[in-house]
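# Coordinates in review
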Amino acid sequence: MEEIRNARFIRTPLPTAEKAWRFFRDFSVAKPVKSAVLEVSALGCYVADVNGTEAKTYVLAPGWTSFDTRLQVQTCDVTALLKPGENTLSITAGIGFCFTAEAGFRIPKPGQHETPELPVGNLAVIAALILTYADGTKETVYTDGAWQVEETAWRYTQMYNGDIFDAGYRPDRTYPVTVLPLTTERLIPQQGEIIAEQEHLPVKEVIHTPAGETVLDFGQNLTGYVSFRVKGEKYGVCRLSHGEIIDKHGNFFNENYRSAKAQIAFICDGKEHIYKPRFSFFGFRYVRVDEWSGEFDPRDFEAIVVHSDMKRTGYFSCSDPKINQLYHNIVWGQKGNFLDVPTDCPQRDERMGWTGDAEVFCRCASFNYDTRKFFRKWLADMRADQAEDGIVGRIIPRMWAAQVAAPAWSDACTIIPWQLYLTYGDKSFLSDNLDMMRRFIEYIRRDPDAYFSPDQHGYGDWLALDTKTVRTVGATPKGFIAACYTYLSVTIYLKSCEILGAPHDDYEPFLNRIRSEIYEKYMDEEKFNRESPIADSFSLHTQTRLVLLLALGLYRSEEEKKALAAELDRMVREAGHLTTGFVGTPWLLHVLTENGYADTAYDLLFYEDLPSWLYAVNRGATTIWERWNALDENGDVFGSVMVSFNHYAYGAVGDWLYMKTLGINYDEEKPGFAHIILSPVTNDRLTHAEGSLLTKYGEIKSSWKKERGKTEYAFTVPAGTTATVVLPGIREEVGAGDHRFVI
Ligand code: BGC
């Protein structure tokens, strides 16, 4: 990937104006060609072709990185596309992930990928085509001032709003390009997984709604786009709108997309076409056919599922169909939100790399799929976007002007590398990110009073349902969450230093400072309520408080630990359900199970009313919802301000299915499953469960079934590893191979 550094970024001479533009140049091939390699990228999204045949880069290339400092270059072999004599290299590009200043909620930070010559909202492309001739000589075609550019049939294309494609449009003039004074330092070789079309889903049902709409149901909430065949009358319009749900009246609903219009308009030219978006994508299950020209046949449509090309590694199934549907929804939550960046949601005017969401889901994600490459790239963006003072922000790649730290969100910078180390046993996740971890905790250590203060910025236990009034931050005090997560981050940093043999400061005084913060302010409910100026809105009487204390080992004695666990169990039983949000939920079932309350954990898993995982399953969910109550008991959507039906955070419970129901656990001492702890936890509501996890050593399998009063367990331990089997009354070391236990 070196030639492209000699090329120039070129842009349209007129404002890009949310159109796709075709940059092109002719070149001649005078001698037999041995190979032709294209290196290409864009501040925008591009499709490259040679003589009209597309070069195989990938969907929505060059992906989404911290564009000011990191822009991925794709390299592909185009030898077969050349012909002797005159050839044309074209790059057609839309604004893509670079967004326009008008892009709704997603406002680029000032200066992002921007120079006075390339204001936000304008795209640029760069490429080098390296020709190696049979006689050993070389020639390179670079983007430079000799290129031309013209408008295309994409009269409009923008990621949130969609496309207007005029099939009959023919550009009537070309323009000379403008060469930008941008340096090529930001160019890096492709680092993440490529983005690819993964599945093609036909229309499952055509719905004619009471409002008179025609709606195509693809049967699955997904991320990608619709492809359709059309032969409409000249100037006839076909228009499609995307949505995630059918409302309680049976009508199409997408107000929850907020300002994202999520529409495709196709203007016909009387000829047959097969259309699919190239510079936009949507999160949807339903497509409303707003207008159509020509014959309408649902067989002419398919939904194309698009996500990062990760290898599937984990599988789970059990005797309960609803739990299987929940697991399905968790996996689809990952498919829908692992499109180059781990996003909160794929549909509304957001779709951003919120760090907290990725932090809570990372463990489950790393079981479902091989996420090494995906997260390695995103963590590199996180490092690139870390502020001078050490702050790791809420959103990576960074958006919005202010770089603000948020507890449990910013801690993604320690928790994710650590989790990847545990799942994959690769120390480079720690060494690559050690300095980022240190700088982040140093930022807090410089002024812990501010960071642990009750009114500190942050999202609390986001969307927890434990307050009387409707609030997004939940009842658990924000200062408490800040102190707990700092404790966790410092602990991870110190363990990482130890593993790497890296020197570090003495953090014991800081850890003690955090412990006393927690023990003095947050252990005694009575005291908190008396002393806290905001006792009415924040409370210590929350499940999440107990969950965090137990999960992080923040107790002073075994008796205190037992008392906290008993209190958590009592609170859950008293409520009859969980009341936790983004912060408490991922730990909740683990903490209950590890403290002797596995049956309570299973009760929560099987609970079907609000709030619970199966509540959404019973309402036909095919992905995980952002809010427990995204739809209330009457079927009403929870406002339309912040409701997503494809938000993976609560899907974190998937790691409990792997680690507790199947009992497949890594051993922190020998990570990456070099040594495995096999400790399934059964429950009478299930007659069997089975699953597997592909590790670098091979596949670990675990299953159990209950028959005639006995439980039979079966495990496969891959070659090169050992396992400790922990079952009621049994603790046994085993080697590679198949193992069976009947109890
Ligand atoms: C996103 C979240 C995110 C949150 C921050 C929301 O708008 O969708 O998932 O973590 O903001 O609290």
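Criteria and thresholds
Residue positions are counted from 1 within each chain, in the order its sequence is given. Given that this is a predicted model, residues contribute local features only at a pLDDT of at least 70 and side-chain atom pairs are listed and counted only at 80 or more, while totals for whole chains, interfaces and linings are drawn from all residues. To obtain the side-chain values, all non-hydrogen atoms of the structure were used and water was disregarded. To pair, rings of Phe, Tyr and Trp, with the six-membered ring standing in for Trp, must have centres within 6.5 Å; the planes then decide the type, stacked if under 30 degrees apart, edge-to-face if over 60, and tilted in the middle. Helix numbering and strand numbering both begin at the N terminus, where a helix is a DSSP run of H or I of at least 4 residues and a strand a DSSP run of E of at least 2. Type-normalised accessible area, obtained with a 1.4 Å probe on protein chains alone, sets the label of each residue: buried when under 20%, exposed when over 50%, and partly exposed for intermediate values. When the NZ atom of lysine or the CZ atom of arginine is within 6 Å of a ring's centre and also within 35 degrees of its normal, the charge is said to sit over that ring. Here a helix's expected span is defined as the number of its residues, less one, multiplied by 1.5 Å. Contact between two residues is taken to exist if any of their heavy atoms lie within 4.5 Å; hydrogens are not considered. Two strands pair under a simple rule: DSSP has to find at least two bridges between them. To obtain each axis, a line is fitted to C-alpha atoms, and for helices this fit is confined to the stretch in contact; angles are then taken between N-to-C directions over 0 to 180 degrees. For the purposes of these results, a polar contact is taken to be a pair of N or O atoms within 3.5 Å, where, inside protein, one atom must be able to donate a hydrogen and its partner to accept one; residues adjacent in sequence count only when each atom of the pair is a side-chain atom. Axes are fitted to the seven residues ending at a residue and to the seven starting at it; the angle between these axes is taken as the bend at that residue. When two cysteine sulfur atoms are found within 2.5 Å, that pair is recorded as a disulfide. Here a residue is considered near a molecule or strand provided that any single heavy atom belonging to it is located within 4 Å of it. Areas reported here follow the Shrake-Rupley algorithm with a probe of radius 1.4 Å; residue values treat only the protein chains shown as occluding. Amino acids are sorted into nonpolar (Ala, Val, Leu, Ile, Met, Phe, Trp, Tyr, Cys and Pro), charged (Asp, Glu, Lys and Arg) and polar (every other residue, Gly among them). Grouping buried Ala, Val, Leu, Ile, Met, Phe, Trp, Tyr and Cys residues that are joined through side-chain atoms within 4.5 Å yields what is termed a nonpolar core. Here, a salt bridge means any side-chain nitrogen of Lys or Arg that lies within 4 Å of a carboxyl oxygen of Asp or Glu.

## Let's talk about the packing of aromatic side chains
- Considering all chains together, one arrives at 47 aromatic pairs under this definition.
- Considering the side-chain rings of Phe 338 and Phe 374, the 4.4 Å spacing of their centres and the 15 degrees angle between planes classify their relative orientation as stacked. Note that Phe 338 is positioned in strand S27 (residues 338-339) and Phe 374 in helix H3 (residues 372-385), a separation of 36 residues in sequence. Judged on exposure class, the residue Phe 338 and its partner Phe 374 are both buried.
- Every member of this aromatic cluster is reached through a ring pair, and the members are Trp 154, Phe 165, Phe 228, Phe 266, Tyr 275, Phe 279, Trp 292, Phe 296 and Phe 301.
- Just above the ring of Tyr 169 sits the side chain of Arg 155; from NZ or CZ to the centre is 3.9 Å.
- Directly above the ring of Phe 281 sits Arg 351, whose terminal nitrogen or CZ lies 4.8 Å from the centroid.

## What about helix H5 (residues 428-446)?
- For H5, built from 19 residues, the straight-helix expectation of 27 Å at 1.5 Å per residue is met to within 8% by its first-to-last C-alpha distance of 28 Å.
- In this fold, the buried residues of H5 make contact with H3, helix H4 (412-424), helix H6 (448-451), helix H7 (478-500) and helix H8 (508-521).

## Details of the sheet that holds strand S35 (residues 730-734)
- With respect to topology, 4 strands assemble into an open sheet ordered S29-S30-S34-S35, the strand pairing being mixed. The open sheet is flanked by strand S29 (664-666) and S35, the only strands paired with a single partner. If you compare each strand with its neighbour and ignore which way they point, the axes differ by 20 degrees on average.
- Bridge count for strand S34 (residues 722-727) against S35 is 5 bridges, and the pairing is antiparallel. Looking at S35, one finds that Ala 723 is bridged to Val 734.

## As for the environment of Arg 155
- Topologically, Arg 155 is positioned in strand S11 (residues 154-158).
- A relative accessible area of 22% places Arg 155 in the partly exposed class.
- If we skip the residues at most four places from it in the chain, Arg 155 touches Glu 18, Lys 19, Ile 164, Asp 166 and Tyr 169.
- Separated by 2.6 Å, the side chains of Arg 155 and Glu 151 make a polar contact.

## Overview of helix H2 (residues 355-368)
- Taking 1.5 Å per residue, 14 residues should reach 20 Å; H2 reaches 19 Å between its end C-alpha atoms and fits that length.
- A bend of about 55 degrees at Cys 362 is the largest found in H2.
- Counted residue by residue, H2 has 14 buried out of 14 residues, so it is predominantly covered.

## So, the state of the cysteines
- Tallied over the full model, the rule gives 0 disulfides.
- Residue Cys 268 stays outside any disulfide, its sulfur separated by 3.9 Å from that of Cys 238, the closest cysteine.

## Concerning the site of the ligand
- If you check the shell around the ligand, you find Asp 344, Arg 348, Glu 350, Trp 354, Asp 357, Trp 409, Tyr 459, Trp 462, Phe 582, Glu 626, Met 642 and His 647 and nothing else.
- The separation between an oxygen atom of the ligand and a polar side-chain atom of Asp 344 is 2.7 Å.
- Within the contact set of the ligand, an oxygen atom lies 2.6 Å away from a side-chain nitrogen or oxygen of Glu 350.
- For the ligand, the protein covers 96% of the area, taking 310 Å² as the surface of the free molecule.
- Per-class residue counts for the shell around the ligand are 6 nonpolar, 1 polar and 5 charged.

## Considering the nonpolar core
- Leu 38, Phe 228, Ile 518 and Leu 605 are the most contacted members of the largest nonpolar core, which totals 250 residues.
- For this core, the leading source of residues is H7, giving 13 residues.
- Ignoring any residue separated from it by four or fewer positions in sequence, one finds Ile 518 in contact with Phe 480, Ala 483, Cys 484, Met 523, Leu 549 and Leu 554.

## Some details on the pattern of salt bridges
- Here the structure, examined in full by the defined rule, presents 46 salt bridges.
- With a shortest N-O distance of 4.0 Å, Arg 348 and Asp 344 are connected by a salt bridge. Like Arg 348, the residue Asp 344 is buried in the burial classification.
- A salt bridge links Arg 556 to Glu 560; its shortest N-O distance comes to 2.6 Å.
- Each of Arg 258, Asp 344, Arg 348, Asp 349, Glu 350 and Glu 626 takes part in salt bridges that share partners, so that together they form one network.

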